[in-house]
Each structure stands twice: as C-alpha cells, then as structure tokens.
Amino acid sequence: MYSLELKQLATDKTHVYADEPGFEHLCSCRNRTCADYVDIYVKRIDDHTVEMRHKGEGCMFSKASAHVLCERVKGMSMNDAKEYLVQNLERLDNGEYGEVFAAFSGIPLDSSRTVCYRYVWAGCRDCFSE
Amino acid sequence: MNSDIRSQFPLLSEKVHDKQVVFLDNASTTPKPQSVIDAVNDYYTHYCSNIHRSVYSFGEKASKAYEDSREVARSFFSAPDDMTVLFTAGATDGLNFVARGLIPSLSEGDTILLSPIDHHANLVPWQIAAEKSGANIKYIPITEDSTFDMAALDDSFFEGVKVCAITGMSNVTGYLPPLEKISALCRKNNIIFVIDAAQLASHAPVDLGNLSCDFFATSVHKMYGPTGVGILLAKTSLLEDMPPRLYGGGMIDHVGYERSTWATIPERFEGGTPNIAGVIGTKYALEFLMSINRESAKKHEVDILSCLRSALANIDGIRLIGPDQDTCSVCSFLVESVHAHDLGTLVDHSGVAMRTGHHCAQLLMRHFNAHSTSRLSFGVYNTFEEVDIAVKAIRDSLEFLR
Ligand SMILES: Cc1ncc(COP(=O)(O)O)c(C=O)c1O
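Residues numbered from 1 in each chain as written. Chains lettered and ligands numbered in written order. Predicted model: local features only at pLDDT ≥ 70, side-chain atom pairs only at ≥ 80, totals over all residues. Heavy atoms only, no water.

1. Here's the deal with the site of the ligand
Residue and element names in this part refer to chain B. Taken together, the residues surrounding the ligand are Ala91, Thr92, His119, Ala121, Thr167, Asn171, Asp196, Ala198, Gln199, Ser219, His221 and Lys222. In this structure, an oxygen atom belonging to the ligand sits 2.7 Å away from a side-chain N or O atom of glutamine 199. At 2.7 Å from an oxygen atom of the ligand is found a side-chain nitrogen or oxygen belonging to histidine 221. Summarising the interface, the protein chains cover 84% of the accessible area of the ligand, which totals 390 Å² for the free molecule. Partitioning the shell around the ligand into residue classes produces three nonpolar, seven polar and two charged. (Near = heavy atom within 4 Å. Polar contact = N/O pair within 3.5 Å; in protein donor to acceptor, adjacent residues only side chain to side chain. Areas by Shrake-Rupley, 256 points an atom, 1.4 Å probe, with all protein chains shown as cover. Nonpolar A, V, L, I, M, F, W, Y, C, P; charged D, E, K, R; others polar.)

What follows is the structure in structure tokens.
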C-alpha cells in the first residue's frame, strides 16, 4: 500500500496553503470515519484558469490525494476542474485507478483506507456541484 | 499468561500477511474462546427456535439456555436482589435506553454530570436527554493527563446533580476513575449513578454488592462473548418508572383495541426476538472469565501495559497519552508528524492488529490536542513476546514513515 512515490506525493509541499494572498476558501472536505479534514483554497488567475491549495490534518493518503488534486487541476477553468473531478471519481468507482490515482493502486478499492484518499476529491466535487 | 488460555482462542492462531496475528485491539472487541463459538453453533445447529413462547422441546431448551445466561450474569457481577439483569444489544444500546428512560425524571435546571474522558456512547445520549428535558450538562474537571481532578469532587460540586454517568474505564487511556468515591458522593446526594462498564467489565472483577450504582452497562463482545449483546444491570425500582424500550411482541401483558398493558420486568424491556444465540453464548463467555483468576489476569494486563509503555517511551517522537497510574490494559500514543492510520496500516503488515483513530472519544482527543491516536489494548491472553513484536513493528514502520 505504501510506496516511496506515495510518500513523496504526501510530503510534497508545493500546493500546501500558506496564507498566500488571492486565495479564497473553497470547501472543507471531511473524512467522517476518522475526523481528518482537508481545506481547499482556490485562486482564480483569470476567467479561465485556477490554482488550488490544500491544508489540513490527515494521513499520507489524504495528503497525497490533496496534492494530486491541486497538481492536476492547475490551469484548468473552474468548469473543467469540476468535470475532471466527476470523471475521474467515476472511473475510480468503476475500479480504474488510471494515471491520476496510480499512486493509490496498492490500496484495494474495497479497503477501508480507500476513503482516506477518495474523500478529498469527493468533497471537492460535491462543493463544485452545489 | 498460561498457554491453556491462549489455546482456547482459535483466532489467536490465525495468520495475517503470512505472520502470526498479534491481536492488540481488545478494547474494540475481543476474540472468542472455542466454548462460546461452540455454544452459538450448537444453538443454530441443534435447537434453533424462538424463546419464551414455544411449547415444543427446542423452544423450551432455548428459553432455558437464555434464562441461564441471565442467572450467570447476575452472579458474575454479584448483582444485589434489587437489581434486574436486562439483555440489550450492547453498551450503546443500554446507555441510550437509560438516558431516554430517565428523561421523564429530569426537569429544567437539573444537572447531568458527565466526564470528558467518556466514549460517545455515554455522552451523546445524555446530550439528547438534556436537550429534551431542559437539564444542564456539567463535566467533571480533569487534570492534564486526563485523570479526574479529585480536589474538585466534593459535595458542593455534586449540588443540583440528578444523574451522574461516567465510564468505569477509559477506552483511550485505560484510566480507572475512582468509582467508589463517586458512588459514595452519589449515594449521599441522592444522585442516580450510571456506569458505562463497556471496558471495565472485562478487565477488572466487579462486585455490584459493594460498588453501589443504579445502572451498569456492558458489551459482551468486549468480554470474550458474542457481538450484539449487552448486559444492563438496573435498579428495579427505577426501571418501574421507565417506559419500555421497544413496543411489540414479548413485552406485553394484554393488548386491547385502543390500549395495551405491559409485562412484568424483565420481559417489559426485552420486546421482540432478541439475539438468542448471542445471549446463550454470553453464559460461556462469563464462565470463561470465571474460570480464570481475575485478579492475577488484571495484574498480568497491568504488567504488560507497563512493559509496553516503557518500550514506547524509548522511541523518538512518541508521546504517550494519559496517566501511567490507575490504568489497565490500554495504551494510546501519538507520534510526531506521523498519522496514526499510516502507522496502523503498516504494523498490520507485521501481523499486529492496532487500533487508530479518535476511538469515539472526541472530547478527550480535544483535551490532548490530538486528532487521532494509535492504541494498543490487551486481553487476558496477550504476552510479553507480543509486546516485543508490536514495538519492533512500530519502530520499523516509523523508519519508513519519517
Ligand atoms: C467505554 C466504552 N463505552 C461504550 C462503548 C460502546 O460499546 P458498543 O459499541 O459495544 O455498544 C465502547 C466501545 O468501544 C467503549 O469503549
């Protein structure tokens, strides 16, 4: 389950929110099973591109997942980011980790730990849909 | 601990990731001895039938086995004659029933006394009872390491308290609160005293003839018995004024078109078909506990706990949670910059079953400024060798995680 790649993603601070100007709080994603959380912040560069940051309390899976999310949607429009989240979660729920969730492929989809990386994406998707 | 005890528990011979399992999550639930497994199996295989209402042989046998468990439970806890033994679905069910049942006896301005070290099962039902009755909630003050602040516990602190509901043993720290002292204060001040004994019951011998309380709630699955069964010992005089738990079959005296009347106690509080197999297995779990020397089992659990705490304290970055005195069988800890779930998943690969999370004790987590902890908890069969294996697994896992 734990690989060096996963550890690298989890400890990568590139997208960790550090009170930078221009970012607004988008949503709080909560893992109900353990009370971990990730706050997502977003900055609209212009009408077409966004940048995301994450900050919270969580395990390696949740930190890595938040990092991957911010990395992947960088430069997309809000709408594209939303669509991207919906599609990739759908794929994951169909059992396809794909390139996006490759680092998590050591975690069987029926493991209780799947929620630890899935909740960040799902929380963000739900917020976009509201 | 002698190997006779271990050999009674088939689960302890199982392998996980090709390693012999080291089961250290006993505070969550315990493995079952073969006698309990056999009793449940025997009921389903040889005389499965409903209780209390069948006139045929299987039904008679099942009813007798069910009622035998009630008698064994009474003697196991030395329950005095003025207490009733009720079967519930577990401690959560028992505590919810008590809190709900006491709502009519609570009025605006009354106080419910709780403690921040308690499990959600002994907090949330009381919050609801307070909301519904207009009563206030007050918490017993605790010290930095989460023991009760004894200096604060005097008559004046108990003024206005109608119900005091506290744990008999913390499921996070293993702390054993001073139940006798609190019982004496409750008796003196005419306070209903409720003990959440979900943890206590399996780790320390309890004599309800000496420890005076009004309600004592347990979960049998934490006492080497089946899941889905609780034993609730309740003062019969208080039960008389409480509404039934469930309305339906088995709990009525007479049903009319408009109104019905209730059976006597305990049937009044055991409506519907109960967990018959589980209750029958309960007797065997209690008999298992009665077959061992409880005082020496407790001492053994305290000794391995102290060995574990010393070993963990030597690992860089580990912070032990809770007191090191007046505790039993449970050890929680935090690791600097390592999430408990990551550690829990990795030690599982060494066969070690360790619990991680908030342990349904978010008030206590807040007290320790923590989100989740890693928790190792012992049963009567755990050994010093298993402590060594767990400590090594933790060390090895931390090497990767940090
Ligand atoms: C102290 C305490 N109280 C209550 C409970 C609830 O027990 P159950 O889930 O068996 O109802 C637990 C379970 O862990 C516990 O540790």
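2. Digging into the domain arrangement of chain B
All names here are of chain B. Split into domains, chain B comes out as domain 1 (2-31 + 294-401) and domain 2 (36-291). The straight-line distance from the C-alpha centre of domain 1 to that of domain 2 is 28 Å. Taken together, the 38 residues of domain 1 in the interface contact 36 residues of domain 2. Summed over both sides, the interface of domain 1 with domain 2 buries roughly 2900 Å², with 60% coming from carbon and sulfur. Considering only the side of domain 1, the residues that lose the most area to domain 2 are Arg294, Leu363 and Leu364, jointly responsible for 24% of the buried surface there. The interface formed by domain 1 and domain 2 contains zero salt bridges. Summed over the shared surface of domain 1 and domain 2, the number is 23 residue pairs in polar contact (both at pLDDT 80 or more). Counting only elements with at least two residues in the side of domain 1 that touches domain 2, the list comes to α10 (294-313), β14 (330-335) and α12 (362-367). Among the elements that line the side of domain 1 that touches domain 2, the one with the most residues is α12, at five residues. (Domains from an automatic or database assignment. Contact = heavy atoms within 4.5 Å. Buried area = accessible area lost by both parts, 1.4 Å probe. Salt bridge = Lys/Arg side-chain N within 4 Å of Asp/Glu carboxyl O. Helix = DSSP H or I, 4+ residues; strand = E, 2+ residues; numbered from the N terminus.)

3. Some details on the sheet that holds β14(B)
Residues and elements named next belong to chain B. If you trace the four strands from one edge of the open sheet to the other, you get β13-β14-β17-β16, paired in antiparallel fashion. A single partner strand is all that each edge strand has here, and the edge strands are β13 (318-321) and β16 (355-357). Taken pair by pair, the neighbouring strands of this sheet meet at an average axis angle of 30 degrees, ignoring direction. Pairing analysis gives four bridges linking β13 to β14, with the strands arranged antiparallel. When the sheet's bridge partners are listed, leucine 320 is paired in β14 with phenylalanine 333. (Pairing = 2+ DSSP bridges. Axes fitted to C-alpha atoms, helices over the stretch in contact; angles between N-to-C directions.)

4. As for the interface of chain B and chain A
When the parts of a complex come together, some accessible area is lost, and that lost area is often used as the size of the interface. On the chain A side, the residues contacting the 11 residues of chain B number 17 residues. Contact between chain B and chain A buries roughly 1200 Å² in total, counting both sides, with carbon and sulfur atoms accounting for 61%. Looking only at chain B, the three residues that lose the most surface to chain A are B:Asp342, B:His371 and B:Phe400, adding up to 44% of its buried area. Applying the counting rule to chain B against chain A returns one salt bridge. B:Asp342 serves as the salt-bridge partner of A:Arg113, at 3.5 Å between the closest nitrogen and oxygen. For the side of chain B that touches chain A, the secondary structure elements donating two or more residues are α11 (340-348) and α13 (384-401) of chain B. Class assignment of the residues belonging to the side of chain B that touches chain A gives a composition of three nonpolar, six polar and two charged.

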